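# A closer look at the structure
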Amino acid sequence: MITKQANFYQSVERNFDKAAALTKHPKGLLEQIKVCNAIYQMNFPVKIGNNYQVIEAYRVQHSHHRLPTKGGIRFSHLVNQEEVMALASLMTYKCALVDVPFGGAKGGVKISPRKYTPEQLQKITRRYTVELVRKNFIGPGVDVPAPDYGTSSREMAWILDTYQQLNNGELDSAACVTGKPVNQNGIRGRTEATGRGVFYGLREMLSFKEDCKAMGLEPGIEGKTMVIQGLGNVGTYTGSISIEEGGVKVIGISEIEGTIVNPKGININKLVKYRRDKGTIIGFPGTTALKDRDDWIGLECDILVPAALESQITKINAKKVKARIIAEAANGPVTADAEAILLKKGVVIMPDMYLNAGGVTVSYFEWLKNLSHVRYGRIEKRFDQNAYTNLVTTVEELTGKTISTREKKMLTRGPDEIDLVRSGLEETMSTAYGQIREIYRRKKTVTDLRSAAFINAINKIASDYLTLGVFP
Ligand code: NAD
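Residues numbered from 1 in each chain as written. Predicted model: local features only at pLDDT ≥ 70, side-chain atom pairs only at ≥ 80, totals over all residues. Heavy atoms only, no water.

## Notes on the pattern of salt bridges
Rules: One speaks of a salt bridge when a side-chain nitrogen belonging to Lys or Arg is within 4 Å of a carboxyl oxygen belonging to Asp or Glu. A run of DSSP states H or I qualifies as a helix once it reaches four residues; a run of E qualifies as a strand once it reaches two. Both are numbered from the N-terminal end. Three labels apply to residues, based on accessible area from a 1.4 Å probe with only protein chains included: buried if under 20% of the type maximum, exposed if over 50%, partly exposed otherwise in between.
According to the stated counting rule, one finds 37 salt bridges in the structure shown. Between Glu339 and Arg450 there is a salt bridge whose closest N-O contact spans 2.5 Å. A residue pair is termed long-range when its members are at least 10 positions apart, and Glu339 in helix H10 (residues 336-344) and Arg450 in helix H16 (residues 449-468) qualify at 111 residues. We classify Glu339 as buried; its relative accessible area is 3%. For the salt bridge of Asp416 with Arg413, the shortest nitrogen-to-oxygen distance reads 3.9 Å. The partly exposed category is assigned to Asp416, whose relative accessible area is 30%. Residues joined by salt bridges that share partners form a network here, namely Arg74, Glu83, Lys106, Asp148 and Glu310.

Spelled out as structure tokens, the structure:
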């Protein structure tokens, strides 16, 4: 008999409670950290063709312990209040883990974006933004959206423009939303940031020899096999960066239309182009399609990367997992029930709230850039370049030896915005993993990385609340 499964929000609550029980914080404080602080459900009309449609949408601000609140906007026909609450909660813990000084939030618009033209999507996005402005649910110091499932920099540009029309002359208005196009006050490296962060997180984890030994794996990310569900923003960049910079072999890809495999490896960039032209991944040269799309879960590989939606690995299919590591690139892809089964099997789960925090980290850099009104690297690049050149020239003079022009160029290069963004992200992912690993190894009662991540986040948020004097 199949018993009812916990929904996404209940799963997040259960994971929170499991970790909270391992802390010493008072019950009331833990309750305050867990609950959603503000929930705004709206219905607004939009004229689509000759018809009027009522659109259901949400913005949830999970925690006001730090402001602004921050979190993406999802366009999906599956959006519902509890889903947005779960996603907003995860944002709070994610920000705390990677020391991004924001509270968590999330937005959702209950539409299937594929069913609308770009003009219709623009209408819906702009109207949604107006609703947020009217209720003071958006603003550089209030609540700052970003892209999520079903949205991209295009929607963020529409949000920015709508906000600016309603807040004429507000100096910092560009910081009202992140994930914008680079020519519209965005930042280089934001589009790829979540996938790049997933790669940095995995590489960091696999750099610890003793941890790899415990998992029965060779240390290092190079040569590891990977299967990815979802060839959207997060899945594509996770795959392509892992291949190009980590020497990973992606042997399986699952999308809406089916799952394809190639034990020799799949070229993700070529596959994306193929899908754009043909509308499907099926038939991509060198690959074979599985009979059942959902069999991606049971593929033999080192790392399984769910990068589509929540609740994909459940207590019904968890037993099929053969991978050693599940890398939660999506939010909530493994249910709490499934996690219990997987932990018993010895599968290591890299938790979403850590692993996909690259997006919000670079969004934070973008927000800072917007507030400072200057591109990263603009002020210091030439100064650094001159200083390095002087250093190299002095060493050459002192040693009587010279290096090639190519080597000199490499050694004396000042950093561009993209270099600084990537190094900031790498540092963030490495530091955060170090903190989680430390808790996991030190506390015998902590049985998994998710609980360790939760404990770290809870400790930081509790400390904020107590310092604020909210609980005198
Ligand atoms: P996206 O819309 O760009 O891509 C998602 C892809 O998953 C789409 O191509 C879709 O067709 C595919 N998909 C949906 N259902 C599927 C199924 N059953 N089987 C196979 N493929 C399926 O979305 P995204 O921005 O890449 O987000 C993916 C996940 O990552 C979400 O859980 C999101 O919350 C999370 N996330 C995104 C970001 C970000 O910066 N975009 C940051 C953190 C977390």
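Still more to cover.
## Topic: the sheet that holds strand E11 (residues 325-327)
Counted only if it meets this: The pairing criterion is simple: DSSP has to find at least two bridges between the two strands. Residue contacts are counted whenever heavy atoms from the two residues lie within 4.5 Å of one another. In this analysis an axis means a line fitted to C-alpha atoms, helices contributing only their contacting stretch, and an angle means the value between N-to-C directions, from 0 to 180 degrees.
One open sheet accounts for seven strands, arranged E9-E8-E7-E6-E10-E11-E12; its pairing is mixed. The sheet terminates laterally at strand E9 (288-289) and strand E12 (348-350), the two strands that pair on one side only. Of the strand pairs in this sheet, strand E7 (residues 249-255) and strand E8 (residues 258-261) are connected by four bridges, and their pairing is antiparallel. Looking across to E8, one finds that Ser254 is bridged to Thr259. Of the strands in this sheet, strand E6 (225-229), strand E10 (303-306), E11 and E12 touch helix H6 (residues 193-205), which is tilted by about 140° from E12. Lying on the sheet, helix H9 (residues 268-278) is in contact with E6, E7 and E8; it crosses E7 at an angle near 25°.

## Observations regarding unusual backbone geometry
Here the residue pair Leu67 and Pro68 is connected by a cis peptide bond, since its omega of 5° sits within 30 degrees of zero. Position of Pro68 among the secondary structure elements: in the loop between strand E2 (51-61) and strand E3 (69-75). The phi dihedral of Ser311 falls on the positive side, at around 55°, and the residue is not glycine.

## A word on the site of the ligand
The cut-off we apply is this: Think of it this way: one heavy atom of a residue within 4 Å of a molecule or strand is enough to make that residue near it. Each polar contact in these results corresponds to two N or O atoms within 3.5 Å; when the atoms are within protein, one needs to be able to donate a hydrogen and the other to accept it, and residues that are neighboring in sequence are counted only if both atoms are side-chain atoms. Areas reported here follow the Shrake-Rupley algorithm with a probe of radius 1.4 Å; residue values treat only the protein chains shown as occluding. Each residue is assigned to one of three groups, with Ala, Val, Leu, Ile, Met, Phe, Trp, Tyr, Cys and Pro labelled nonpolar, Asp, Glu, Lys and Arg labelled charged, and all others, Gly among them, labelled polar. Note that the domain bounds were set by an automatic or database domain assignment.
With respect to spatial proximity, 24 residues lie near the ligand, and among them Arg74, Asp148, Thr194, Glu255 and Asn331 are the closest. In the environment of the ligand, an oxygen atom lies 2.9 Å from a nitrogen or oxygen atom belonging to the side chain of Arg74. At a separation of 2.6 Å, an oxygen atom of the ligand approaches a polar side-chain atom of Asp148. Surface burial for the ligand is 90%, taken as the share of its 830 Å² of free accessible area covered by protein chains. Contributions of two or more residues to the shell around the ligand are made by helix H8 (233-246) and E7. Residues that form the shell around the ligand fall into these classes: eight nonpolar, 10 polar and six charged. Mapped onto the domain boundaries, the shell around the ligand takes at least three residues apiece from domain 1 (4-184) and domain 2 (193-355).

## Here's the deal with the layout of surface pockets
Here is the rule we go by: Only protein atoms enter the 1 Å grid used here, on which a cavity is any set of points holding a 1.4 Å probe that cannot leave and a pocket is any open set flanked by protein within 12 Å on both sides along at least five of seven lines; residues with an atom within 4 Å of a point are listed as lining. Grid points are joined across faces, edges and corners, and a volume is the space filled by probe spheres set on the points.
Reported here for the second largest pocket is a volume of approximately 240 Å³. Around the second largest pocket sit Asn7, Phe8, Tyr9, Leu78, Asn80, Glu82, Glu83, Leu309, Glu310, Ser311 and Gln312, which together line it. Looking at the lining of the second largest pocket, the elements with two or more residues in it are helix H1 (8-20) and helix H3 (81-97). Formed jointly, the lining of the second largest pocket draws a minimum of three residues from each of two domains, domain 1 (4-184) and domain 2 (193-355).

## Points about the pairing of E6
Worth spelling out the cut-off: When the strands point away from the viewer and the connection leading from the first strand across the helix to the second strand turns clockwise, the crossover is called right-handed.
Taking burial as the measure, the five residues of E6 include five buried ones, the bulk of the element. Of the two faces of E6, the one carrying Thr225, Val227 and Gln229 and the one carrying Met226 and Ile228 are both buried. In this sheet, E7 lies alongside E6 in parallel orientation, the contact comprising five bridges. In the strand pairing of E7, Met226 is matched with Val250. In this region the chain leaves E6, passes through H8 and returns to the parallel neighbour E7; the handedness of that crossover is right-handed. In this structure, E6 lies alongside E10, joined through four bridges in parallel fashion. Note on E10: the bridge partner recorded for Ile228 is Val305.

By themselves these figures say nothing about function.
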